[in-house]
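Tertiary structure, described
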Amino acid sequence: MTYHKRFDGRAFDEVRPMSAQVGIIPNADGSARFQIGDTVALCAVYGPRDLHPRFLQNPGTGILRVHYNMLPFSGHGDRVRPGGSRRSKEISMVMQNALLPALNLKAYPNTVVDVFVDLPQTDAGTRCAAITAAAMALADAGLEMTDLPCAIAAGRVEDKIVVDLNYEEDSFHDGCDIPVAILPNTGQVTLLQMDGEISRDMLKEAIGKAIEAGKKIYQVQKEAIKNSFAKGE
Amino acid sequence: MADEHIVKALAADVRYDGRKKLEYRDVKVEYGVSKSAEGSARVSIGETVVMAGVKMELTTPYADRPNEGNIMVNAELLPLSSPRYEPGPPGEKATEIARVVDRGIRESKAIDTTKLCIAPGEKAWGVLIDVVSINDAGNLQDAAALAAIAALKNARLPQLSEHGQIDYDATKTDKPLPLEREPVEVTVYKIGEHYFIDPLCTEEDSADARLTIAVTEKDTICALQKGGVGPLTVEDIDHMIGIAQKHSKQLRKAL
């Protein structure tokens, strides 16, 4: 079958409208809001702070803990039961791996940096939005970073490679979804997952398109961080 | 130390942020802040921000109330919202907030649960209200109660499919929930001989006692919760209720 036109009318490599802000949670050391289409991620960073119990402390480096959480009313269908799931545990772990290569936690021995991402509204692409928001919040917290990770999904719907799938495309019966996190300055990939089925050639093309789209997200992130300084925060 | 300092300041009718004892910070209600929910709202009181979302489910009525649907309130103190909160199941504070919000709504009969019944004894709507903290700068209780009512006001019933299941792919109906009353909650705090409302976190920590009072639009009281170890006299209670009735108007105006 041929996918002629995207369900929401976008070009095949077009990402949904984005908006980003940092410093949205006064209590946090760093925070950010990132919206892409109808998916909204809120992120707060607390730390570097004391790590308890003490035996978890590492004198060689600080550690990163990421907590991904869909709010109970944020799902497309029924209420999401609070309290974490196998899914949220896995996403938290892969997010940690996606963010760590950009952080120099050796500068903060014995401490922990806690990253909390909560999603009040979702329309697919939540882990990518979460990573993008988390990177901005980490920068807003003033942590030593070598890059600003961003993330976006590419995928296949029928015979076409598409970028930034929405719920309708993500749940389409013939296709696949490939979330990719990128270090924009090196072009390296720090998160890669996929479900669905795809050929080797199409996969390569899809990852290439995700990296291309990542550059646009990186611009939005940088702009939001710059704006916070313009306001004199 | 902090306590002593707060008492001295209150005696001069000055708060840490410059307010008077009986003065709310700016109260703002925004509706429809989550498209994923059947109804939602964000409430800010000063720097305190909470969100509430309503989800609907189809349930079987309880055996002793075959003609009624039901409601549930849950609160989460997100670790995102304060360095004081940690991941894990709701603790005492979150549970108390949820239960006191629940009582205000339930006991004022804010929702006519008989109108949630679809087929007596067989099928009825369950209204699931979740309140979460986004930034805790004090007074989550009043903010949570206000957000819950605002989200209920904003909610529309989802579409039912031919087989009588919720059809989430269809757009919501324009049918609101059977919301008959709009209770709001005002928590009055006491330190020494001073009463005050809308505390900052440090003021919450220093208070001797507090009384949360749910007030209806007719100025009747539909739920109470005393907190803190300090005892209250009957005169204290009556005085605090007067304060809550007066200042509930400001919260209601924001709705």
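Just so it is clear, the structure is predicted and the values come from calculations on it, not from any experiment. (Residues numbered from 1 in each chain as written. Chains lettered and ligands numbered in written order. Predicted model: local features only at pLDDT ≥ 70, side-chain atom pairs only at ≥ 80, totals over all residues.)

Notes on the overall build of chain A
Helix and strand counts for chain A stand at 4 helices and 10 strands. Each helix and strand of chain A, ordered N terminal to C terminal, gives the series β-β-β-β-α-β-α-β-β-α-β-β-β-α. Taking 2.2 N^0.38 as the reference for a compact globule, 233 residues should give roughly 17 Å; the C-alpha atoms of chain A span a radius of gyration of 18 Å, in line with that estimate. In terms of overall dimensions, chain A has a C-alpha envelope of 55 × 40 × 35 Å along the principal axes. In chain A, buried positions account for 49% of the 233 residues. Long-range contacts, defined as pairs at least 24 residues apart, comprise 72% of the intrachain contacts of chain A with a sequence gap of at least 6. (Helix = DSSP H or I, 4+ residues; strand = E, 2+ residues; numbered from the N terminus. Rg over C-alpha atoms; globule rule 2.2 N^0.38 Å. Buried ≥ 20, exposed ≤ 12 C-beta atoms within 10 Å, placed from the backbone. Contact = placed C-beta atoms within 7 Å.)

So, helix α2 (residues 126–140) of chain A
With 15 residues, α2(A) extends 21 Å between its outermost C-alpha atoms, agreeing within 8% with the 21 Å of an ideal straight helix rising 1.5 Å per residue. Of all the 15 residues making up α2(A), 15 are buried; the element is thus mostly covered by neighbouring parts of the structure. (Expected span 1.5 Å × (residues − 1).)

A look at the sheet that holds strand β3 (residues 39–50) of chain A
Residues and elements named next belong to chain A. Taking strand neighbours across the sheet as the criterion, the 5 strands line up as β1-β2-β3-β5-β4 in an open arrangement whose pairing is mixed. If you trace the sheet from one side to the other, it starts and ends with β1 (18–22) and β4 (63–70), each paired once. Taken pair by pair, the neighbouring strands of this sheet meet at an average axis angle of 15°, ignoring direction. Sheet contacts for α2: β1, β2 (30–36), β3, β4 and β5 (111–121); angle to β2, the most-contacted strand, approximately 150°. (Pairing = 2+ DSSP bridges. Axes fitted to C-alpha atoms, helices over the stretch in contact; angles between N-to-C directions.)

Focus on the environment of B:R156
Residues and elements named next belong to chain B. Counting through the fold element by element, R156 comes out in the loop between α3 (140–154) and β7 (159–160). Of the residues examined, R156 has 17 C-beta atoms within 10 Å and is grouped as partly exposed. Along the chain, R156 and K55 lie 101 residues apart, while their C-alpha atoms are 9.7 Å from each other.

Re the interface of chain A and chain B
Every contact between the two is made by 24 residues of chain A and, on the other side, 30 residues of chain B. Secondary structure elements with two or more residues in the side of chain A that touches chain B: β3 and β5 of chain A. Taken together, the residues of the side of chain A that touches chain B sort by class into 11 nonpolar, 9 polar and 4 charged. (Nonpolar A, V, L, I, M, F, W, Y, C, P; charged D, E, K, R; others polar.)

What to know about the environment of A:G83
In this structure, A:G83 sits in the loop between β4 and α1 (86–99). A:G83 sits 12 residues away from A:L71 along the chain, and the two C-alpha atoms are 9.7 Å apart.

Some details on the packing of helix α2 (residues 92–107) of chain B against α3(B)
All names here are of chain B. Taken N-terminus to C-terminus, the directions of α2 and α3 make an angle of 45°; their axes are 10 Å apart at the nearest point. The orientation of α2 with respect to α3, classified from their angle, is oblique. Where α2 crosses over α3, the handedness of that crossing is right-handed. The segment α2 lies against α3, with I97, V100, V101, G104 and I105 engaging L140, Q141, A144, A145 and A148. Tallied by class, residues from the contact of α2 with α3 come to 8 nonpolar, 2 polar and no charged. (Parallel < 35°, antiparallel > 145°, perpendicular 65-115°, else oblique. Left-handed = near helix turned anticlockwise from the far one by under 90°.)

Side note on the pairing of strand β7 (residues 160–163) of chain A
All names here are of chain A. Two strands pair when backbone bridges link them, and strand β6 (residues 150–157) and β7 are joined in this way by 4 bridges, in the antiparallel orientation. Looking at the pairing, R156 lines up with I161 of β7. Hairpin connection between β6 and β7: a loop of 2 residues separates the two successive antiparallel strands, and E158 in this loop has a positive phi of roughly 50°.

Focus: the sheet that holds strand β11 (residues 209–215) of chain B
Residues and elements named next belong to chain B. Spatially, the 4 strands line up as an open sheet ordered β10-β9-β11-β12, and their pairing is antiparallel. Each edge of the sheet is formed by a strand with only one pairing partner; in this case those strands are β10 (194–197) and β12 (221–227). Geometrically, the sheet is characterised by an average inter-axis angle of 20° between neighbouring strands, direction not taken into account. Bridge count for strand β9 (residues 184–191) against β11 is 7 bridges, and the pairing is antiparallel.

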